[in-house]
Amino acid sequence: MPAVTVPDLTILPRVAAVAPAARQRAVRSITTAPGGLEGEGFPVKRAFAGVDLRDLDPFIHMDEMGEVEYAPGEPKGTPWHPHRGFETVTYIIDGVFDHHDSFGGGGTITNGDTQWMTAGAGILHIEAPPEHLVVSGGLFHGFQLWVNLPRADKLKPPAYQDLRSSEVGLLTSADGGSLLRVIAGEVGGVTGPGSTHTPMAMVHATIAPGGSLELPWRSDFNALVYAMSGDGFVGPDQSPFGTGQLAVLGPGDALRLSAAQSQQARYASGLDVVILGGRPIREPVAWAGPFVMNTKAEVMKAFEDYQAGRLGQPGHAIPHGTQGGTLDA
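Residue numbers here run from 1 along each chain, matching the order of that chain's written sequence. pLDDT decides what is reported in this predicted model: residues at 70 or higher carry local features, side-chain atom pairs at 80 or more are listed and counted, and totals for whole chains, interfaces and linings draw on all residues regardless. Side-chain figures throughout are based on the complete set of non-hydrogen atoms in the structure, without hydrogens or water.

1. Comments concerning empty space enclosed by the protein
- Put simply, the grid is 1 Å and covers the protein atoms alone, a cavity is a trapped set of points that fit a 1.4 Å probe, a pocket is an open set with protein on both sides within 12 Å along at least five of seven lines, and lining residues have an atom within 4 Å of a point. Grid points are joined across faces, edges and corners, and a volume is the space filled by probe spheres set on the points. On inspection of all chains with the given rule, the structure shows 1 cavity of 30 Å³ or more.
- Put simply, the largest cavity is a space of about 40 Å³.
- Looking at the largest cavity, the residues that line it are Thr90, Phe97, Asp98, His99, Ile109, Gln115 and Glu127.
- A per-element tally of the lining of the largest cavity places strand E7 (residues 97-101) first, with 3 residues.
- Of the residues that constitute the lining of the largest cavity, the class distribution is 2 nonpolar, 3 polar and 2 charged. Starting at the N terminus, helices and strands are each numbered in turn, a helix being any DSSP run of H or I of at least four residues and a strand any DSSP run of E of at least two. Polar here means any residue other than Ala, Val, Leu, Ile, Met, Phe, Trp, Tyr, Cys and Pro, which are nonpolar, and Asp, Glu, Lys and Arg, which are charged; Gly is therefore polar.

What follows is the structure, encoded as structure tokens:
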């Protein structure tokens, strides 16, 4: 797993022990992500399927992309498509992805990199493997998370951040057995590089077999834990969960995870999880396809603007500030 690794975890700062008086977050639900196909046909797991949006808020949607070993000629991406009203966070663990948008922007992210795109008022973009990967094939694994924007920010000018693996905040658990990669937010005194409109935290943690992780967690944030690989336990009662499952945790000040001592051979590194938390926006959500707004009328306006070319055309940049005008209430 090429996402950031550290040969010697003892050199990293450690998470302070959770205070005895802290309220551990209990497990509210554990769900298993169904498989599907996205874009031009690459396999995904729908991590949030079947979970109430009120438990996810401020998050909307998350796909685990792969893990898949492509043969030569097989790598696939997405065609040009629009977004409005939220942010996409694309985290690549293995492989390479190229991005181009209707504002003339673009970039490449690879092992351990993250692209944080604020769709805001509207943008067209395309995500695809580079030509050399299509020719050679290879391993591909990553995530795309959708983070909602509050009403006041839904028409902000589009923007994006390329967050390199070298910028990710690193720390280890109190017992020195878990590696935490902080992509956004502040965890254990370490801050990730992602600049967020919605207060939130995103962490990729690897917990060694038999290891445990206790994290202080802001009481005003929700808490979601998705297991990308391995077997382990979550919550104060240590409910079992593993590969492809999402745990929704209840209120509290801290969360607890542990990795099973015995792991399948392909999960020798232990339990790998994505931990998410954010301050709920608590606004109405009107969601249709690539648009996440507050009302049905706003969604219809987004479709009209897209069809009228106000979000740009594939491969053609448009000036900032011309994408759509005032939303209907």
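2. Brief notes about the layout of surface pockets
- The space that makes up the largest pocket amounts to roughly 350 Å³.
- Every residue lining the largest pocket is counted, 17 residues in all, and those nearest its centre are Glu67, Met228, Ser229, Arg266 and Tyr267.
- Listed by contribution, the elements that provide at least two residues to the lining of the largest pocket are strand E3 (42-46), strand E4 (59-70) and strand E19 (223-229).
- Broken down by class, the residue content of the lining of the largest pocket amounts to 6 nonpolar, 5 polar and 6 charged.
- For the second largest pocket, the lining is made up of 16 residues, of which Glu38, Thr78, His81, Gln144 and Trp146 are closest to its centre.
- At the level of elements, E3, E4, strand E5 (81-83) and strand E11 (138-148) are the ones that each hand at least two residues to the lining of the second largest pocket.
- The leading source of residues in the lining of the second largest pocket is E4, at 3 residues.
- Residue classes in the lining of the second largest pocket are distributed as 7 nonpolar, 6 polar and 3 charged.

3. Topic: the confidence of the model for the chain
- pLDDT expresses, on a scale from 0 to 100, how confident the predictor is about each individual residue. On average, residues of the chain carry a pLDDT of 89, and 93% of them reach 70 or more.
- Residue contacts follow a heavy-atom distance rule, with two residues in contact if any of their heavy atoms lie within 4.5 Å. This stretch, residues 317-329, has a pLDDT under 50; its non-local contacts, to residues over four places away or in other chains, come to 39 contacts.

4. Here's the deal with the sheet that holds strand E21 (residues 239-242)
- Reading across from one edge, E18-E23-E20-E21 is the order of the 4 strands in this open sheet, with antiparallel pairing throughout. Taken across any chain shown, the strands that pair with only one partner, and hence form the sheet edges, are strand E18 (212-216) and E21. Sheet twist, expressed as the average angle between the axes of neighbouring strands with direction ignored, equals 25 degrees.
- The pairing criterion is simple: DSSP has to find at least two bridges between the two strands. The sheet contact formed by E18 and strand E23 (residues 254-259) spans 5 bridges and is antiparallel. Counted as the bridge partner of serine 212 is serine 258 from E23. A fitted line through C-alpha atoms serves as each axis, taken over the contacting stretch for helices, and the angle formed by two N-to-C directions is quoted from 0 to 180°.

5. Focus: the pattern of salt bridges
- Basic side-chain nitrogens of Lys or Arg form a salt bridge, by our definition, when they fall within 4 Å of a carboxyl oxygen of Asp or Glu. Considering all chains together, one arrives at 12 salt bridges under this definition.
- The salt bridge involving glutamate 298 is made with arginine 151; its shortest N-O contact spans 3.6 Å. On the criterion of sequence distance, the pair formed by glutamate 298 in helix H3 (residues 296-307) and arginine 151 in the loop between E11 and strand E12 (159-163) is long-range, its members being 147 residues apart.
- We classify glutamate 298 as buried; its relative accessible area is 5%.
- One salt bridge in this structure joins aspartate 220 and arginine 218, with 2.7 Å as the shortest N-O distance.
- Buried residues are those whose accessible area, probed at 1.4 Å on protein chains only, stays under 20% of the maximum for their type, while exposed residues exceed 50% and partly exposed ones sit between those limits. Its relative accessible area of 40% is what places arginine 218 among the partly exposed residues.
- Through salt bridges with shared partners, one network takes in Arg84, Lys301, Asp305 and Arg310.

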